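Letter by letter, the chains look like this.
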Amino acid sequence: GQLLSTNGRTYFPFPSLAYRFNNGVPNQLTMRVNPQLNNDRVKGTALYIQDSWSRGRISAQGAVRYDRAWSYNVEGPFGPSRFVPNPTVIPATKGIDAYNDISLRGGMAYDLFGDGKTSLRVSAGQYRDALQVGGIFIANNPIALRVTSTTRNWTDSDRDFEADCDLMNPALNGECGPWANQLFGSTIPGTKYDPRLIDGWGVRPADTQLAVGVQREILPRLSVEVTYHRRSFGNFTATDNILVAPVDYSPFSIVAPVDSRLPGGGGYTIDDLWDINPNKFGQSAEVVSPAEDYGNRISYCHGVDVNISGRMRNSLMFQGGTSTGRAVTDTCDVTPKLDSPSRRFCRTVAPFATQFKGLMSYTIPKVDVQVSSTIQSLPGASLAANLVVPNSAVAPTLGRPLSGGATSVTVNLVPPQTIFGDRINQVDFRIAKVLRFGRNRAQVGVDIFNSLNSSAPQGYIQTYGTTWLRPTSVIDARFARVSGQIDF
């Protein structure tokens with residue numbers, strides 16, 4: 001929606017009521033407090049000290065950075081809106097008292113053979129989460145911690161596409177199931193943050209980066225570089241609904257459809273699926289704590305880059321290479337100790353994927369015509385197969401209907417990072433004439449984007465059914481642009 005700004009405050013208008021359908025059949029409503037006020041303010045300051053030195057074949061540099069970040073919330077209203085008819089005024093409050101961090105960064109280059117042609121490079125550094133109006137910086141914002149949306153199941157038995165129920169009644173009534181969060185629209189915060197996350201040293205989410213590489217001059221003006229990169233993340237948080245425990249869920253399983261597009265042709269059993277027990281449905285009191293309280297969480301990505309670059313004497317310049325890597329995420333030691341006991345997909349290891357990017361530029365002598373091109377080849381995105389499973393298919397193994405009056409549940413039939421979209425290959429081309437007027441020069445050129453007119457999909461239908469994996473968007477078709485530039 002369009003942002004609204006009043007007296008320095010920003011409002012985010014959302015639809016108060018949104019409808020969800022499955023093959024044209026209504027099954028769920030989403031109720032929202034509308035509009036929502038952004039009353040967060042975030043500030044920070046930093047001090048950076050750097051030095052470099054050389055001795056013999058070694059050149060090194062080191063740096064230390066001190067960061068201090070804090071937040072606060074200005075006074076603002078909560079309501080009135082369709083589902084909060086009686087507004088309240090939220091007073092100005094202190095947010096994050098102060099995050100203090102010291103980050104170390106450094107690098108070293110070593111002339112491996114002493115001939116100035118082969119360089120061994122190592123660099124490492126720590127980086128903190130950027131200042132933002134969101135994330136952990138809203139940990140103490142009374143408005144952000146309130147429950148501003150909830151879903152409720154909707155049967156629409158008379159198919160009039162109207163919710164024939166009292167939406168303000170949080171319990172099951174008419175065509176509507178109970179609120180999925182009973183704190184919706186109330187003055188009671190739906191989330192609380194552990195005081196250890198509000199301020200202190202080394203609390204702010206961060207990541208550590210390491211790079212080790214070697215660069216070699218093959219010919220004059222032509223070099224190759226190979227670098228290994230690793231980026232690991234830390235200072236995670238975990239959100240636990242303290243009113244619900246893993247024992248408050250009941251297991252069920254389903255059988256995937258037989259389909260040659262699914263792993264092994266489908267027909268396999270999917271278990272480790274859980275539904276909250278009816279007596280706990282809608283109960284919520286979330287507490288955000290350091291994830292290490294529950295166990296070890298792992299998240300990192302690593303890979304190898306190979307690049308070649310050259311600036312030849314005949315006005316030819318080119319650069320390109322490959323980047324191959326993967327990401328690993330493991331929350332198996334944490335998530336089963338929170339609400340649902342499910343361990344499904346708690347560890348995801350992406351296969352190594354390679355992308356290629358390159359560019360080239362050449363100026364034709366005497367006629368002063370510049371020809372250039374860029375090319376990229378990117379791996380397809382990871383896709384899902386979200387099957388809408390009706391209550392009738394769940395009840396035999398669950399032993400009861402789904403909680404909250406739900407008519408269905410959505411289950412992803414394939415693990416993440418196992419099915420991928422098509423690669424995206426694109427070539428852009430440019431030709432330009434250089435015109436010289438004394439000391440001044442101008443360029444008149446034609447740019448052709450997607451010159452091979454590729455129609456690679458960029459989005460797919462990921463709801464399993466007859467239209468599963470049908471493209472929803474493709475890269476822009478080939479088009480040309482005429483441009484001019486004057487330098488004086």
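The structure presented is a predicted model; accordingly, all values stated were derived computationally and were not measured.

Undergrad: What is the right way to read the packing of aromatic side chains from this model?
TA: Geometry of an aromatic ring pair is reported as the spacing of the ring centres plus the angle between the planes. For the structure shown, the criterion picks out 9 aromatic pairs. Taken together, a centroid distance of 5.9 Å and an interplanar angle of 70° make the contact between tyrosine 99 and phenylalanine 137 edge-to-face. Placement of the pair is tyrosine 99 in strand 11 (residues 98-111) and phenylalanine 137 in the loop between strand 12 (118-128) and strand 13 (149-153), with a sequence separation of 38 residues. For tyrosine 99, a relative accessible area of 0% translates into the label buried. Pairing phenylalanine 449 with phenylalanine 479 gives two aromatic rings, centres 4.9 Å apart and planes at 20°, and the pair type is stacked. In this pair, phenylalanine 449 sits in strand 30 (residues 440-449) while phenylalanine 479 sits in strand 33 (residues 479-487), placing the two residues 30 residues apart along the sequence. By relative accessible area, phenylalanine 479 is classed as partly exposed at 40%.

Undergrad: Quick question: what am I supposed to make of unusual backbone geometry here?
TA: With the exception of glycine, most residues fall at negative phi, and the peptide bonds are largely trans. The step from glycine 79 to proline 80 runs through a cis peptide bond, and the omega angle for that step is 0°. One can find proline 80 in the loop between strand 8 (76-78) and strand 9 (88-90). In this structure, aspartate 156 is a non-glycine residue whose phi angle is positive, near 45°. With respect to the element layout, aspartate 156 can be found in the loop between strand 13 and strand 14 (191-193). Using a relative accessible area of 0% as the deciding quantity, one classes aspartate 156 as buried. Of note, arginine 159 is a non-glycine position whose phi angle comes to about 55°, a positive value. Mapped onto the secondary structure, arginine 159 falls in the loop between strand 13 and strand 14.

What counts, and at which threshold
Residues numbered from 1 in each chain as written. Predicted model: local features only at pLDDT ≥ 70, side-chain atom pairs only at ≥ 80, totals over all residues. Heavy atoms only, no water. Phe/Tyr/Trp six-rings, centres within 6.5 Å; stacked < 30°, edge-to-face > 60°. Helix = DSSP H or I, 4+ residues; strand = E, 2+ residues; numbered from the N terminus. Buried < 20%, exposed > 50% of the residue type's maximum accessible area, 1.4 Å probe, protein only.

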